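Residues per chain, in single letters:
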Amino acid sequence: MTAAVDHGTARLMPDLDRERAWLLTVDGAPQSYVDLEDPCHLEFEYVRRIGHVLDTTAVPGRPLEALHLGGGALTVPRYLAATRPGSRQVAVEADRRLAALVARELPLPPGSRIAVTVTDARAALEAAEPAGADVTVADVFQGSRTPAHLTTLSCVHAAARALRPEGIHLANVADSAPFAFLRSQLATLAAVFDELCLVAEPGMLRGRRFGNAVLVASRAPLPMTDITRRCAADAFPARTVHGTALHRFIAGARPVTDRTAQPSPPPPAGAFSLG
């Protein structure tokens, strides 16, 4: 089905191989994939990596307090509700008509404890309860680009303020070589958080293709052994970069301010091969 939403045209396409699975696109850009029967099935490779990090965040099964910036079809909140029952989650979606479409066509299971708030992601982050979240997940795209005001040092400070001391901030960043945007986002996180790692497909890091990188940041030590093992063992293996290697990758990049902010780079033509 196709529907007009606030920021474009949304399309829900069924997955013929999975009975109750759907791909959500907006203006042709993939936004979410959801299996209503099996919320633990994560189709997008970068979302699988977010799932691996969330699995290592605390003792398995322990409920978490999570703030999701970017709602879409609520793939990650559904996953967290399934793997950590009792978690309290807020998902922020700026597109009111998209949120209504998802609520109607892809309803949440009873008792999921996922609240959807329709507002700007940065405004929600700045208004969040201090030290109230175990996890913040930033995966915000308008069309195929992250808005500039969500890429800045002010935004990262707001995320740090919303997190508990041991909390983890995750961000999905899309870029390609020479990685000017990705490096600037890492530099911005490094200005606020003590611990940082990058998770991405090896070919993307070698500059072979445009792709998604998952950035993980915390003021507390990250469980790097578990993150590295889980991501490397995935059906779509990913590489983790941290420590000295990550500092070398970031070298020369500067944190992004509200004055210097730019949206993420547009994907190249043909990046999304959808039928």
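Predicted, not measured: the structure shown is a model, and the values here were computed from it.

S.K.: Where do I start with the overall build of the protein in this structure?
M.R.: Secondary structure assignment for the protein yields 9 helices and 12 strands. Compactness check: the protein gives a C-alpha radius of gyration of 17 Å against a globular reference of 19 Å for 275 residues, within 12% of the reference. Each principal axis of the C-alpha distribution contributes one length, and for the protein these read about 45 × 40 × 40 Å. Sorting the 275 residues of the protein into buried and exposed places 50% on the buried side. Sequence separation of 24 or more characterises 70% of the internal contacts of the protein that already satisfy a separation of 6 or more. One finds the centroid of the 28 positive side-chain charges in the protein at a distance of 5 Å from the centroid of its 28 negative side-chain charges.

S.K.: Even after reading the chapter, I still don't get the sheet that holds strand E3 (residues 21–26), so can you show me in this structure?
M.R.: Sheet strands line up and pair through hydrogen bonds in the backbone, either parallel or antiparallel. Spatially, E1-E2-E3-E4 is the arrangement adopted by the 4 strands of the open sheet, whose pairing is antiparallel. Because the sheet does not close on itself, it has two edges, and the strands there are strand E1 (2–5) and strand E4 (29–35). Averaged over all neighbouring strand pairs, the angle between strand axes comes to 25°, with direction disregarded. Strand direction decides the pairing type here: E1 and strand E2 (residues 8–14), joined by 4 bridges, are antiparallel. Paired with Ala 3 across the strands is Ala 10, a residue of E2.

S.K.: Help me understand the packing of aromatic side chains in this model?
M.R.: The geometry of two aromatic rings is summed up by the distance between their centres and the angle between their planes. In the structure shown here, the tally under the stated rule is 2 aromatic pairs. When the centroid spacing of 5.8 Å and the interplanar angle of 50° are considered together, the rings of Phe 179 and Phe 249 count as tilted. One end of the pair, Phe 179, is in the loop between strand E9 (163–175) and helix H6 (180–190); the other, Phe 249, is in helix H9 (residues 243–250), and 70 residues separate them in sequence. Since its relative accessible area comes to 5%, Phe 179 is described here as buried.

S.K.: What is the right way to read the sheet that holds strand E10 (residues 195–200) from this model?
M.R.: Pairing is mixed across the open sheet formed by 8 strands, whose spatial order is E7-E6-E5-E8-E9-E11-E10-E12. Unpaired on one side and paired on the other, strand E7 (114–118) and strand E12 (239–242) mark the two borders of the sheet. Across this sheet, the average inter-strand angle for adjacent strands is 15°, counted without regard to direction. Strand direction decides the pairing type here: strand E6 (residues 88–93) and E7, joined by 5 bridges, are parallel. Bridged to Val 92 within E7 is Thr 117. The strands that H6 touches are E9, E10 and strand E11 (211–218); relative to E9, the one it contacts most, it runs at about 170°.

S.K.: Teacher, can you tell me more about the packing of helix H1 (residues 45–56) against helix H2 (residues 75–83) here?
M.R.: When two helices pack together, their arrangement is given by the angle between the helix axes and the distance between those axes. Where H1 meets H2, the axes come as close as 11 Å, and the angle between the chain directions of the two elements is 35°. You can see that H1 and H2 cross each other, and the crossing is right-handed. Note on element contacts: H2 touches H1 through Thr 75, Val 76, Tyr 79 and Leu 80, opposite Val 47, Ile 50, Gly 51, Leu 54 and Asp 55. Its residues assigned to classes, the contact of H1 with H2 comprises 6 nonpolar, 2 polar and 1 charged.

Criteria and cut-off values
Residues numbered from 1 in each chain as written. Predicted model: local features only at pLDDT ≥ 70, side-chain atom pairs only at ≥ 80, totals over all residues. Heavy atoms only, no water. Helix = DSSP H or I, 4+ residues; strand = E, 2+ residues; numbered from the N terminus. Rg over C-alpha atoms; globule rule 2.2 N^0.38 Å. Buried < 20%, exposed > 50% of the residue type's maximum accessible area, 1.4 Å probe, protein only. Contact = heavy atoms within 4.5 Å. Lys, Arg positive; Asp, Glu negative; His and termini not counted. Charge placed at Lys NZ, Arg CZ, Asp CG, Glu CD. Pairing = 2+ DSSP bridges. Axes fitted to C-alpha atoms, helices over the stretch in contact; angles between N-to-C directions. Phe/Tyr/Trp six-rings, centres within 6.5 Å; stacked < 30°, edge-to-face > 60°. Left-handed = near helix turned anticlockwise from the far one by under 90°. Nonpolar A, V, L, I, M, F, W, Y, C, P; charged D, E, K, R; others polar.

Coordinates in, geometry out; function isn't part of it.
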